[in-house]
Number of protein chains: 2
Amino acid sequence: MNPRPKHRSPPLTAAYLQSPPLSPPPHAPKAFASKMPRKSFTRPTLAIAVLLVLITLYSFLLYAPPNYNTNTSINLGNDRRFRSPDGREVRIFMYDLPRRFTYGIIESYAAARGGRAAEDDAHLKYPGHQHSAEWYLFSDLNRPAGERVDSSVTRVMDPEEADLFYVPFFSSLSLIVNRIRPVSNFSQDGAVYNDEQTQEDLMEWLEEQVYWKRNNGWDHVFICQDPNALYKVIDRVKNGVLLVSDFGRLARNQASLVKDVILPYSHRINTYKGDVSLENRKSLLFFMGNRYRKENEKDVIIKHGAQSRESRRAASQGMHSSRFCLHPAGDTPSACRLFDAIVSLCVPVIVSNYIELPFEDVIDYRKIAIFVDTNTAVKPRYLVKLLRRVSPEKIMEFQNELKKVKRYFEYEDPNGTVKEIWRQVASKLPLIKLMSNRDKRIVVRDLAEQDCSCLCSNQSRIHTTL
Amino acid sequence: MNPRPKHRSPPLTAAYLQSPPLSPPPHAPKAFASKMPRKSFTRPTLAIAVLLVLITLYSFLLYAPPNYNTNTSINLGNDRRFRSPDGREVRIFMYDLPRRFTYGIIESYAAARGGRAAEDDAHLKYPGHQHSAEWYLFSDLNRPAGERVDSSVTRVMDPEEADLFYVPFFSSLSLIVNRIRPVSNFSQDGAVYNDEQTQEDLMEWLEEQVYWKRNNGWDHVFICQDPNALYKVIDRVKNGVLLVSDFGRLARNQASLVKDVILPYSHRINTYKGDVSLENRKSLLFFMGNRYRKENEKDVIIKHGAQSRESRRAASQGMHSSRFCLHPAGDTPSACRLFDAIVSLCVPVIVSNYIELPFEDVIDYRKIAIFVDTNTAVKPRYLVKLLRRVSPEKIMEFQNELKKVKRYFEYEDPNGTVKEIWRQVASKLPLIKLMSNRDKRIVVRDLAEQDCSCLCSNQSRIHTTL
C-alpha cells in the first residue's frame, strides 16, 4: 500500500532530456557537400539551374498541403498525440497552488521525522514515501516546454487557453505526514499538521477559483494515488478526472473507468536486466508478503516479509528467479507487488477479482498475466497444478510480452508511465467537454434515479484466463 | 420522425473533392527565381555557397525530428485527426454485407412503391425516405482513399488491420420498406420483405464473423438513426457503438453518451442564405407541426402542418422570417425540426427535457438555443413573455453563433456532419479498446448489480438557460 520508489533524488532531468540532432541528417546535405571538392561545376549557371530545381523540389515537399499523400505519412509518423475535439493539441493549466499544498507538505513530512525546514524549495528532496505519480506529474509539468513537445498534454500558462486544469496537491503524502510521530509534528507556525484540514482548505481555495466554478469541476484533474487520499472531500471533487490506483474505496458515482485514470504504483524492486529465459528461473511460484500460507512444494516460495531493505532484496531475488509471481488482493484490489512482478519478467498470477489495471486500452493483460478467480484459487493445490501445466513455450511468450510492455511501468522512462498517464487524461477530453456543456443546459426533470451514462460489461463466467 | 433529405441524387463526389495546390506556394521559390534576371551573381561560386547554405536550412527544416519546435507546429496545423491509443490513425473496416442488407433494401423499398428492379446498383437512387446518415456514411467510406485523408477514420480493406468495424445495414430504411403497401411488396424471389426477419438474418450472419466474436462486438459500429431501427436485435448489438438520434427507446444498459454517438437528422427545409439580421425576422416565434395550440399574439405563428411539399414551403418561409423557433418533444425527444431551425438561423427554443444533442463536445448549445423545462413552458403566456424580454443584441449573438455551427448539420458539407460523426466514433476508441481487453480477462465475481462504468451528472434545478 505504501510503494517506496527506489530513487529518492529529484527525478527526471537527465533521463527526460532528449537531445534533438541539431545538424541535419547526413544523407541530405552531404549529397551536395561532397561535390564541392571535386570542382565538377564547370558551368556555374548550369549548376545554379540544377540547384534551383532541387530547391523547388525541396520547397514543394516542405510546403505540400496536409492532404497531399507524402506529407500526410510524415505527419502520421511524427505527431501521435491525442487531439482535443476541435483538433488542437490538448492544453493543460497547472494551478500555482499555495505552497502549503505542495512543497509545504514535504516540509511538514520532513519535520515530523526530525528534519529541518529547507531554505530553498530546490533543496527539498523527493520523500521516499511519496507516491511516485504525484511527484513525477508535478515535475513533468514543470519541465521546460521544449522538453515536453511529445507529451499528450501541452502546458499553458494562461488558464483561459486551457482545456484541463491540474491540481497538484500532494494528497497521498499529506495522508502520511503524521503517521510516524504525530505529536512532534509542528509546522513553522507551531500548529500540528492535519491532513483532513488541509483537504478542506484546498477545497475552500479551489471553490473560489473562477475556472473551477465555470465547468463544475469536470475539467479538473486530481491526483489521489493512495486509496485513502482526498477521502474527506471526495464528493466535492468527484466530477473531476481522478488519478487513482483502484476503485476499491470509491462509490460508483464518484469514480469509474470512463471518467478516471488507473495509475500503476512504482515498482520497489529493481528491474530485471537479463533477457527472457527459463534457465534463470528455477522456482515455479513466488510470493512474499504479510500473509503466510503453507505450500509443501520445494519450488514454490512463499515468504513472510514486511517493508524493509532486506525484504526488498529477498523479493528482488525471488521475483528475478521465479516463473510466476502471485498477486493476491490485499486490503485494496491493487498493490505494487504486481508492478514488481512485471519489471521482473515474472508472470503475474492475479487473484484479485475486482482489480482494475493501468493502461488497459493499450495493454492486453491476458498476454502478460494469468487471472484466477478467488474462490477457485484457494482450492488446495489448484494453483500449483495449474501453473505446472503451462508449457515452456507459453511461459516464454508471456516473458516476451512482459518485456514489450514494461516501459509503461517505469516512471523514469521518457517513453514510460508519465507519458501514458497524460495520454489517458487527454483521451477523456471529448467526454469532459460533452459533460460540461451538457450539464449547463440541462433543465429540471423528473428522474427516478441519478442521470448516469454508463458502459456496462457482461458478467463473466470464466474461472481463469489460462 | 421521417426526415426527407432535399437532395435525392447520390451525394458527395464534387463537394468532397479538395484539389491540393500542385505547385509550391509562390513565396519560397520566387525568392530565388526573381534574382535570376537581375544577374547579380557576379561570382558563381559565391552564389553556389549561398545556395548551399539555403539548401541546408531547407533540408534541416524538412528533416527536423518530430520534437523539434518548428516542425511540430507544422504538424499541429496539418493533422488534426484523432489517434488510436497507440498513436496511429484510427482504422475502420466496412463489412461487405450480403447485398440484401444494403442495396437490396433500396430495391425492396422501390418495389413496394411500384418501382422496378434496377439492372445495376449504380442506377439505384437514394430513396428520399432513407435516413441521411446511413446513406452518407456508406457513400463516404466508399469514396477513394485519396479523398478521405482528412477523415478521423481511415478505411482499411484488411479486417486484421482494423480498430473498428462498420456494419452498413440500412436499418432505418428496412423499417419502412413495407409501410405504404405491405401486401404488394414482393422481392425478386416472391417473398414479402420482412424487417424483423432481416434484422435476425443480419445478426445470424454477423455472429458467424470471426471479428464479431473476437471482441464481443465492442469494436463494431451500427447505424440505427430511426428510434425504432434494429429494435428486434438491439440487445445483441448493444456492446457496439450505436449511431442514434436519441436514447428515448433505449435502456441505460443498451446505449449511452459514453458509448454511442448522437446524430443530427438532416434538415428538410432550405438553409437560410442571408446574413444575421433582425430586420428580416418580424415574427417572434414559429412552430409548425401536428399539434395545435392557440396563441392570441399576432407575431406568434403556430401552424398545423403534416408532411407535404406545401407544408415544407410554409415551414421554410416561417423559419426564415422568425426570431425563435419552437422545438417541443414529440413522440421521441428528438426531431428534425431542430435542425431546420438551426440552418434557418432561427433560435431554437427547446422544450424537451430528455433530449440529447449531436456533437455536444464541440457545441455549447446554450449559445445557440434556449432551453425551457416542459412544466414551465406550458404555463399560459410564459414562453412569449420570456422571449419578448430577450434583447436584440442577444438575438444577434445567438444568430452569429448559429451561423458558426451550422456546418455541423449539413450532411453534404465536406467539413460537416459526416466528418463530425467519424470524429466522434474515433474518440470512443480508447474506451472500446479498454472494454474489449478488460472483458476478456474478467473472472467470475460476486456482483450485486451489473458491472457498469458510469459518468453521472448532477440533478439540475434550473427552469431555463435564459
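For every chain, the first residue of the written sequence is number 1, and numbering continues from 1 onward in sequence order. Whichever chain is written first is A, and whichever ligand is written first is 1; the rest continue in order. Since the coordinates come from a predicted model, pLDDT governs what is reported: local features require at least 70, and pairs of side-chain atoms require 80 or more to be given and counted, while whole-chain, interface and lining totals use all residues. Side-chain metrics rest on all non-hydrogen atoms present in the structure, leaving aside hydrogens and water.

When you go through chain A residue by residue, the secondary structure sums to 17 helices and twelve strands. Categorising residues by exposure relies on relative accessible area from a 1.4 Å probe, with only protein chains included: less than 20% of the type maximum marks a residue as buried, more than 50% marks it as exposed, and the intermediate range marks it as partly exposed. A total of 466 residues make up chain A; the buried ones form 58% of that total. It only takes one pair of heavy atoms within 4.5 Å for two residues to be counted as in contact. A separation threshold of at least 6 residues defines the contact pool for chain A, and within that pool the share at least 24 residues apart is 69%. Each accessible area is a Shrake-Rupley result for a 1.4 Å probe, and residues are judged covered by the shown protein chains and nothing else. Surface accessibility of chain A: about 20300 Å² in total, with carbon and sulfur atoms responsible for 52%. By the criteria applied, helices consist of DSSP H or I runs no shorter than four residues and strands consist of E runs no shorter than two, each listed in order from the N terminus.

Now for unusual backbone geometry. The phi dihedral of R381 of chain A falls on the positive side, at around 65°, and the residue is not glycine. With respect to the element layout, R381 of chain A can be found in the loop between α13 (374-377) and α14 (382-388). One non-glycine residue, F359 of chain B, lies in positive phi territory at about 55°. The topology assignment puts F359 of chain B in the loop between β10 (347-351) and β11 (370-371). Given a relative accessible area of 1%, F359 of chain B falls into the buried group.

When two cysteine sulfur atoms are found within 2.5 Å, that pair is recorded as a disulfide. If you walk through the whole model with that rule in mind, you get five disulfides over all chains. A sulfur-sulfur distance of 2.1 Å marks the disulfide that ties C325 of chain A to C346 of chain A. Its S-S torsion of about 105° marks the bond between C325 of chain A and C346 of chain A as right-handed, since a negative value means left-handed. Of this pair, C325 of chain A sits in strand β9 (residues 322-328) while C346 of chain A sits in the loop between α12 (337-343) and β10 (347-351), placing them 21 residues apart in sequence. Pair check on accessibility: C325 of chain A and C346 of chain A agree, each one buried. Paired by a disulfide, C454 of chain A and C454 of chain B hold their sulfur atoms 2.1 Å apart. Between C454 of chain A and C454 of chain B, the disulfide has an S-S torsion of 105° and is therefore right-handed. Linking C454 of chain A in strand β12 (residues 451-457) with C454 of chain B in strand β12 (residues 451-457), this pair reaches from one chain into another. Take C454 of chain A and C454 of chain B: they sit in the same class, and that class is buried.

We now examine the environment of F222 of chain A. In this fold, F222 of chain A is placed in strand β4 (residues 220-223). Among all residues touching F222 of chain A, those that are not within four sequence positions of it are V167, L206, W212, L230, V237, G240, V241, L242 and L243 of chain A.

A separate point is the domain arrangement of chain A. All names here are of chain A. Each assigned domain of chain A is listed with its residue range as follows: domain 1 (90-180 + 192-262) and domain 2 (283-407). Residue ranges assigned to the domains are those given by an automatic or database domain assignment. Each of domain 1 and domain 2 was reduced to a C-alpha centroid, and the two centroids are 31 Å apart. On the side of domain 2, eight residues touch domain 1, which itself brings eight residues to the contact. A quick way to say it: buried area is the sum, across both parts, of accessible area lost when two parts are put together, with a 1.4 Å probe. With both chains or domains summed, domain 1 and domain 2 bury close to 620 Å², and 61% of this area falls on carbon and sulfur atoms. The rule for a salt bridge is simple: a side-chain nitrogen of Lys or Arg has to be within 4 Å of a carboxyl oxygen of Asp or Glu. At the junction of domain 1 with domain 2, the criterion picks out zero salt bridges. For this analysis, a polar contact is any N or O atom pair within 3.5 Å, provided that within protein one partner can donate a hydrogen and the other can accept it, and provided that sequence-adjacent residues contribute only side-chain to side-chain pairs. Linking domain 1 with domain 2 are zero residue pairs in polar contact (both at pLDDT 80 or more).

Turning our attention to the sheet that holds strand β1 (residues 90-94) of chain B. Residue and element names in this part refer to chain B. Two strands are said to pair when DSSP picks up at least two bridges between them. An order of β2-β1-β3-β4-β5-β6 is seen for the six strands of this open sheet, with the pairing classed as parallel. Looking at the sheet topology across the chains shown, the edges are occupied by β2 (153-155) and β6 (261-262). Pairing analysis gives three bridges linking β1 to β2, with the strands arranged parallel. When the bridges of β2 are listed, V90 appears paired with V153.

Among the eleven residues in helix α16 (residues 417-427) of chain B, ten count as buried, and that is most of the element. Restricting attention to buried positions, one finds in α16 of chain B the residues T417, V418, E420, I421, W422, R423, Q424, V425, A426 and S427 of chain B.

Turning our eyes to something else, we now look at the side chain of S172 of chain A. Tracing the chain through its elements places S172 of chain A in helix α7 (residues 171-176). When near neighbours in sequence (up to four residues on either side) are disregarded, S172 of chain A contacts H131, E134, C224, Q225, D226 and A229 of chain A.

Pairing of aromatic side chains here covers Phe, Tyr and the six-membered ring of Trp, requires ring centres within 6.5 Å, and sorts the geometry by plane angle: under 30 degrees stacked, over 60 edge-to-face, intermediate tilted. Following the criterion strictly, the structure yields 29 aromatic pairs over all chains and no others. The interplanar angle of 90° and the centroid separation of 5.3 Å between the aromatic rings of F138 of chain A and F170 of chain A together place this pair among those described as edge-to-face. One end of the pair, F138 of chain A, is in helix α6 (residues 132-142); the other, F170 of chain A, is in the loop between β3 (164-167) and α7, and 32 residues separate them in sequence. For the residue pair F138 of chain A and F170 of chain A, the accessibility class agrees, reading buried in each case. In textbook terms, an aromatic cluster arises when at least three aromatic residues are bridged by ring pairs, as seen for F93, Y95, F165, W205 and Y211 of chain A. Here, a charge over a ring means that NZ of Lys or CZ of Arg falls within 6 Å of the ring centre while also lying within 35 degrees of the ring normal. The cationic tip of K394 of chain B hangs over the ring face of F398 of chain B; the distance from NZ or CZ to the ring centre is 4.9 Å. Directly above the ring of Y408 of chain B sits R407 of chain B, whose terminal nitrogen or CZ lies 4.3 Å from the centroid.

This next bit is on the confidence of the model for chain A. All names here are of chain A. Every residue gets a pLDDT, meaning the predictor's confidence in that residue, from 0 to 100. With 77% of its residues at a pLDDT of 70 or more, chain A shows a mean pLDDT of 80. Confidence drops under a pLDDT of 50 for residues 1-42, and excluding neighbours within four residues, the segment shows 87 contacts in the predicted structure. Contacts for the low-pLDDT stretch residues 181-185, under 50 throughout, to residues beyond four places or in other chains number 14 contacts.

Residues and elements named next belong to chain B. The side-chain alternation of strand β4 (residues 220-223) yields two buried faces, one formed by H220 and F222 and the other by V221 and I223. In this sheet, strand β5 (residues 241-244) lies alongside β4 in parallel orientation, the contact comprising three bridges. Looking across to β5, one finds that I223 is bridged to L243.

On to the packing of α6 of chain A against helix α16 (residues 417-427) of chain A. How two helices pack is summed up by the angle between their axes together with the distance between the axes. Residues and elements named next belong to chain A. Axis angles are defined between N-to-C directions and span 0 to 180 degrees, where every axis is a line fitted to C-alpha atoms and, for a helix, only to the segment in contact. One way to put it is that α6 packs onto α16 with a least axis distance of 10 Å and a crossing angle of 85°. With respect to α16, the element α6 is oriented roughly perpendicular. Listed contacts from α16 to Y136, L137, D140 and L141 of α6 are V418, I421 and W422. Oblique is the label for every angle not falling under 35 degrees (roughly parallel), over 145 degrees (roughly antiparallel), or within 65 to 115 degrees (roughly perpendicular).

Residue and element names in this part refer to chain B. Spatially, β8-β7-β9-β10-β11 is the arrangement adopted by the five strands of the open sheet, whose pairing is parallel. On the outer flanks of this sheet lie β8 (300-304) and β11, each paired with one strand and no other. Lying over the sheet, helix α15 (residues 392-405) contacts β9 (322-328), β10 and β11, oriented at roughly 95° with respect to β10.

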